[in-house]
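Listed below, chain by chain, are the residues.
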Amino acid sequence: MRKKCIRIVALLMIVCVGSLCGCVSIQKQDKEANQRGALEEEKPLSDLPGKNRDHIVVGFSQVGSESDWRNASTESFRNMFTAENGYYLLYEDAQQKQENQLKDVRNFILQEVDYIVLDPIVETGWDTVLKEAKDAGIPVILVDRTVEVENDDLYTCWVGSNFEEEGRRAGEWLESYLKWQERENDRIRIVTLQGTLESSSQIGRTQGFLKVLDANKKWEMLERRSGEFTQAKGKEVMDDFLSTYKDIDVVISENDNMTFGAIEAIEAAGKSCGPAGDIIVISFDAVQAALELMKRGKINADFECNPILGPFVSDIIQRLERGQEVEKIHYVQEQYFDASMNLEEILKKREY
Ligand code: AHR
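Residues numbered from 1 in each chain as written. Predicted model: local features only at pLDDT ≥ 70, side-chain atom pairs only at ≥ 80, totals over all residues. Heavy atoms only, no water.

1. Here's the deal with the packing of aromatic side chains
On inspection of all chains with the given rule, the structure shows eleven aromatic pairs. Here the aromatic cluster, defined as three or more aromatic residues joined through ring pairs, consists of Phe60, Phe77, Phe81, Tyr87 and Tyr91. One residue, Lys328, lies across the ring of Tyr155, its end atom 4.4 Å from the ring centre. Over the aromatic face of Tyr352 sits the side chain of Arg350, whose NZ or CZ is 4.5 Å from the ring centroid. (Phe/Tyr/Trp six-rings, centres within 6.5 Å; stacked < 30°, edge-to-face > 60°. Lys NZ or Arg CZ within 6 Å of the ring centre and 35° of its normal.)

2. A few points about the sheet that holds strand β10 (residues 301-304)
Taking strand neighbours across the sheet as the criterion, the six strands line up as β7-β6-β8-β9-β10-β12 in an open arrangement whose pairing is mixed. Of all strands in the sheet, those bounded by a partner on one side alone are β7 (219-226) and β12 (336-338). Adjacent strand axes in the sheet meet at a mean angle of 15°, parallel and antiparallel pairs treated alike. On the sheet, helix α5 (residues 163-180) packs against β6 (188-194), β7, β8 (250-253), β9 (280-285), β10 and β12 and is oriented at approximately 155° with respect to β9. (Pairing = 2+ DSSP bridges. Helix = DSSP H or I, 4+ residues; strand = E, 2+ residues; numbered from the N terminus. Axes fitted to C-alpha atoms, helices over the stretch in contact; angles between N-to-C directions. Contact = heavy atoms within 4.5 Å.)

3. Digging into the environment of Gly208
As for its position among the elements, Gly208 is in helix α6 (residues 200-215). Each C-alpha atom, one on Gly208 and one on Glu164, is 4.4 Å from the other, the two residues being 44 residues apart in sequence. Excluding residues within four positions of it along the chain, Gly208 makes contact with Glu164, Gly167 and Arg168.

4. Considering the sheet that holds strand β5 (residues 157-160)
The strand order β2-β1-β3-β4-β5-β11 describes an open sheet built from six strands, whose pairing is parallel. Because the sheet does not close on itself, it has two edges, and the strands there are β2 (87-93) and β11 (329-331). Strand-to-strand twist across the sheet, computed as the mean angle between neighbouring axes with direction ignored, equals 20°. Sheet topology places strand β1 (residues 56-62) next to strand β3 (residues 115-118); four bridges connect them, and they run parallel.

5. So, the pairing of β2
Strand residues, when the strand is regular, have side chains that alternate between the two faces of the sheet. For β2, the tally of buried residues reaches five of seven residues, placing the bulk of the element in the interior. Examined bridge by bridge, β1 and β2 share seven bridges and lie parallel to one another. If you follow Gln62 over to β2, its bridge partner there is Asp93. One crossover worth recording links β1 to the parallel β2 by way of helix α2 (residues 68-80), and it is right-handed. (Buried < 20%, exposed > 50% of the residue type's maximum accessible area, 1.4 Å probe, protein only. Right-handed = clockwise from strand over helix to strand, strands pointing away.)

Laid out in structure tokens, this is it:
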């Protein structure tokens, strides 16, 4: 009798545990189904808040927010791709990670956007995802940096700066500045703060400068190292350069934010820079804050990189909407600034 009772209790326990497990597993399935449902619910573009039927939907995968230039670029897209201008912008900040950009592009494809705008962090690794966008019939417009792919048909077009030209012009500026200083026969020791390695802006600026460096046998490149386009890293690398090399004549800094960090490091080491200082500083971007520093005598020359690409991209989209052909490569106009110019006046008109 006792044994029978034990068997009945054990059976009841198995039934209870079984149904509890069932509940848990049903709840889990429901949760997963809800999560998938939530993703699918986000999918129809008509459900996006504030979007109307006529809006052109643009998915933009931005590099990150590593520099003043980058922030000006983001603002340019946000200002251009507004509802008033007929757009619905899906903006993603990839935080300087290519894997995030790959996800962004795939999500844009899932959401069936009308256009994908991509500022690729580095040049390689895009073939597969761009093929997916092409197969989905979504035009991809590259901005600022570009890609190295087997087949250029994988993207519609590219708009941005001629980075190699920027680097070459920086080298030529240094050549004529040293001549003006009557130092053309001196040994000139140079260090370079490079941008994010493998990005188009880093590759182009390094190569462009290298062409002039190779032609100047008295110039010595002590070291090139990446400061990742950020102020903090720029300072860290410059601190290191200053403790490794006793005499540095020139710093080539591949963007303004690294230059800000480099100036901090130079001053902390008890040295000075700019036209009246110990070290010549050449920078890229020419954002307002850098031109202010140039006005204060800390930067010698700055080669512009134009971040206002939103209007160019909008123009390209409008032409594509009308069924017109667009050119594959669009270079934007750029200039340079140096400390001999009327910076007071230049700064009055500077937009970024
Ligand atoms: O690709 C453009 C570069 O990226 C800019 O020079 C720099 O400031 C940015 O982070």
